[in-house]
Amino acid sequence: MSRLIRAVIDGAAMRHNVQVIRARAPGARVMAVVKANAYGHGLVQTALALPEVDAFAVARLEEGVRLRERGVRAPIVLLEGVFTAEQLRAAGRFELELVVHDALQVELLAAAPQAHELALWVKVDTGMNRLGFRAEAFRAAYERLRALCAPGRQIRLMTHLAAADDPDGQMTREQLARFAAATEGLSGERSIANSAGVFGTVPVGGEWVRPGLALYGASPLPQRTAGELGLRPVMRLETSVIALRRVPRGETVGYGATWRAAHDAEIAIVAAGYGDGVPRSLPSGTAVLVAGQRVPLVGRVSMDMIAVEVTGLAGVGVGTPAVLWGADLPVEEMARAAGTIPYELLCGVSERVPLESA
Ligand SMILES: *Cc1c(COP(=O)(O)O)cnc(C)c1O
């Protein structure tokens, strides 16, 4: 039996992408964002495959702890910080850096004896309206943290861009102006750019960049392909054909009988479904690669299977390789067909899909 679904991870492509990011942000340090299981690429494997980055960023404490337990020594930033005294103690124990984005976190730090030892990033909300101190509250929070930190320890400054993928750049320029005004005169390294900020039309600067998606070789800009940006896809979601059938003209394929054969059709059943993270919303006609050829999805995505039409395609049999996305079929294309973004597809690769190194 041929091999069923797996996500093949190309570490060399990921390291190449780091170099492309460095070239776009000369002199900036790279904080590789590996939250959400490294966008589906495997948290620990990804961190271990990237010895050349300057830091890692995760969303949750557990992710940071896991990296430490698996021997990752680089700085690790908790992008959402901590929410309880217990989490704060764990962050100290595992030497995790904290983003401080609201007053409750300042209170937690003020009450913690180890606060002065922690490396802190203060987040300014410059218009995303998700996390961070609004400009008018930022200075007071900053001064409070300054007083808690050991003398000489720098507090770093960050913000997050809401629309860095917009070629117009208006919102990004407004956010940059607010960030500059809020942090004027303060020492401390700054971090502004996510992937779209690194590749977008407005230069955003900062001593640190925080790429996620671009590391994994997908384009953060809707109007540019990864290839145009010099990025190489890191994940290939690969599986194989598990059955072939001839569907007579007029019959339907799959749940809901949504696709009807307009002619006698050869249909390949491919072992990949929404149980693996293939979106159920994909319409008939979405491209899949079978034996390296683009073929159309037919009918609904099932939990464990999809059907594709391979009429007239030579050399397709049980065991023929099929690719949902990868270097020859960008994940961005399937994301668009599903009405979503590549982030959601990559993060959505489910636990039953084994990760393998290329
Ligand atoms: C997720 C995240 C990033 C990375 O974003 P990409 O668009 O994947 O590059 C950077 N900064 C923060 C605060 C994030 O939450």
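Residues numbered from 1 in each chain as written. Predicted model: local features only at pLDDT ≥ 70, side-chain atom pairs only at ≥ 80, totals over all residues. Heavy atoms only, no water.

1. Some words on the domain arrangement of the chain
- Domain boundaries assigned for the chain yield domain 1 (11–216) and domain 2 (235–357).
- Here domain 1 and domain 2 have C-alpha centroids that lie 37 Å from each other.
- Taken over both partners, the interface formed by domain 1 and domain 2 buries close to 700 Å², and the fraction arising from carbon and sulfur atoms is 72%.
- Area buried by domain 1 at its contact with domain 2 is led by Y39, H41 and L213, which between them contribute 61% of it. (Domains from an automatic or database assignment. Buried area = accessible area lost by both parts, 1.4 Å probe.)

2. Observations concerning the site of the ligand
- Lining the immediate surroundings of the ligand are 14 residues, of which K35, Y39, S195, L213 and Y343 lie closest.
- At a separation of 2.6 Å, an oxygen atom of the ligand approaches a polar side-chain atom of K35.
- Within the side chain of S195, one N or O atom sits 2.5 Å away from an oxygen atom of the ligand.
- Computed on the free molecule, the ligand has an accessible area of 390 Å², of which 92% lies beneath the protein chains in the complex.
- When its residues are assigned to classes, the shell around the ligand shows 6 nonpolar, 4 polar and 4 charged. (Near = heavy atom within 4 Å. Polar contact = N/O pair within 3.5 Å; in protein donor to acceptor, adjacent residues only side chain to side chain. Areas by Shrake-Rupley, 256 points an atom, 1.4 Å probe, with all protein chains shown as cover. Nonpolar A, V, L, I, M, F, W, Y, C, P; charged D, E, K, R; others polar.)

3. As for helix α7 (residues 135–148)
- Taking 1.5 Å of rise per residue, 14 residues should cover 20 Å, and α7 covers 21 Å from first to last C-alpha, within 8% of that figure.
- For α7, the full list of buried residues reads F138, A141, Y142 and L145. Taken around the axis of α7, the buried residues stretch over an arc of 105 degrees, which confines them to a single face. Opposite the packed face of α7, turned more than 90 degrees from it, sit the exposed residues E136, A140 and A147.
- For α7, the elements touching its buried residues are β5 (97–100), α6 (103–110), β6 (120–125), β7 (133–134), β8 (155–158) and α8 (170–183). (Helix = DSSP H or I, 4+ residues; strand = E, 2+ residues; numbered from the N terminus. Expected span 1.5 Å × (residues − 1). Buried < 20%, exposed > 50% of the residue type's maximum accessible area, 1.4 Å probe, protein only. Arc of directions from axis to C-beta. Contact = heavy atoms within 4.5 Å.)

4. Thoughts on the packing of α6 against α7
- Running from N to C, α6 and α7 point in directions that differ by 15 degrees, and their axes come no closer than 10 Å. One element, α6, and the other, α7, form an angle in the roughly parallel class. In the packing of α6 onto α7, the handedness of the crossing is left-handed. Touching V106, E107, L109 and A110 of α6 are A141, R144, L145 and L148, all from α7.
- In terms of residue class, the contact of α6 with α7 is built from 6 nonpolar, no polar and 2 charged. (Axes fitted to C-alpha atoms, helices over the stretch in contact; angles between N-to-C directions. Parallel < 35°, antiparallel > 145°, perpendicular 65-115°, else oblique. Left-handed = near helix turned anticlockwise from the far one by under 90°.)

5. Concerning the pattern of salt bridges
- The tally for this structure, following the rule as stated, stands at 17 salt bridges.
- Between E356 and R6 there is a salt bridge; the shortest N-O distance is 3.7 Å. One end of the pair, E356, is in strand β19 (residues 355–357); the other, R6, is in strand β1 (residues 6–9), and 350 residues separate them in sequence.
- Among the residues examined, R6 registers a relative accessible area of 8% and is labelled buried.
- When the shortest N-O distance is used, the salt bridge between D276 and R352 registers 2.6 Å. (Salt bridge = Lys/Arg side-chain N within 4 Å of Asp/Glu carboxyl O.)

6. What about unusual backbone geometry?
- Unusually for a residue other than glycine, E95 sits at a positive phi of about 50 degrees.
- Secondary-structure assignment places E95 in the loop between α5 (85–93) and β5.
- You can call E95 exposed: its relative accessible area is 57%.
- A positive phi is found at A291, a non-glycine position, where the angle reads about 50 degrees.
- By secondary structure assignment, the location of A291 is in the loop between β15 (287–290) and β16 (293–298).

7. A word on the environment of L98
- By the element assignment, L98 lies in strand β5.
- What makes L98 buried here is its relative accessible area of 2%.
- Between the C-alpha atoms of L98 and V82, which are 16 residues apart in sequence, the distance is 7.3 Å.
- Once residues lying within four places of it in the same chain are set aside, the contact partners of L98 are L78, G81, V82, L88, A91, L109, L118, A119, L120 and W121.

8. Remarks on the packing of aromatic side chains
- One pass over the full model with this rule turns up 4 aromatic pairs.
- Measuring from ring centre to ring centre gives 6.0 Å for Y39 and Y343, while their planes differ by 40 degrees; the resulting arrangement is tilted. Separated by 304 residues along the polypeptide, Y39 in helix α2 (residues 35–39) and Y343 in helix α12 (residues 342–347) bring together distant segments of the chain.
- A relative accessible area of 28% places Y343 in the partly exposed class.
- Taken together, a centroid distance of 5.7 Å and an interplanar angle of 80 degrees make the contact between W121 and W208 edge-to-face. Of this pair, W121 sits in strand β6 while W208 sits in strand β10 (residues 208–209), and the two are 87 residues apart along the sequence. There is no split in this pair, since W121 and W208 are both buried.
- Each member of the aromatic cluster is reached from another via a ring pair, and the members are Y39, Y216 and Y343. (Phe/Tyr/Trp six-rings, centres within 6.5 Å; stacked < 30°, edge-to-face > 60°.)

9. Observations regarding the side chain of T46
- Note that T46 resides in helix α3 (residues 43–48).
- The contact partners of T46, leaving out residues within four places of it in the chain, are M14, V34, A38, H41 and Y216.

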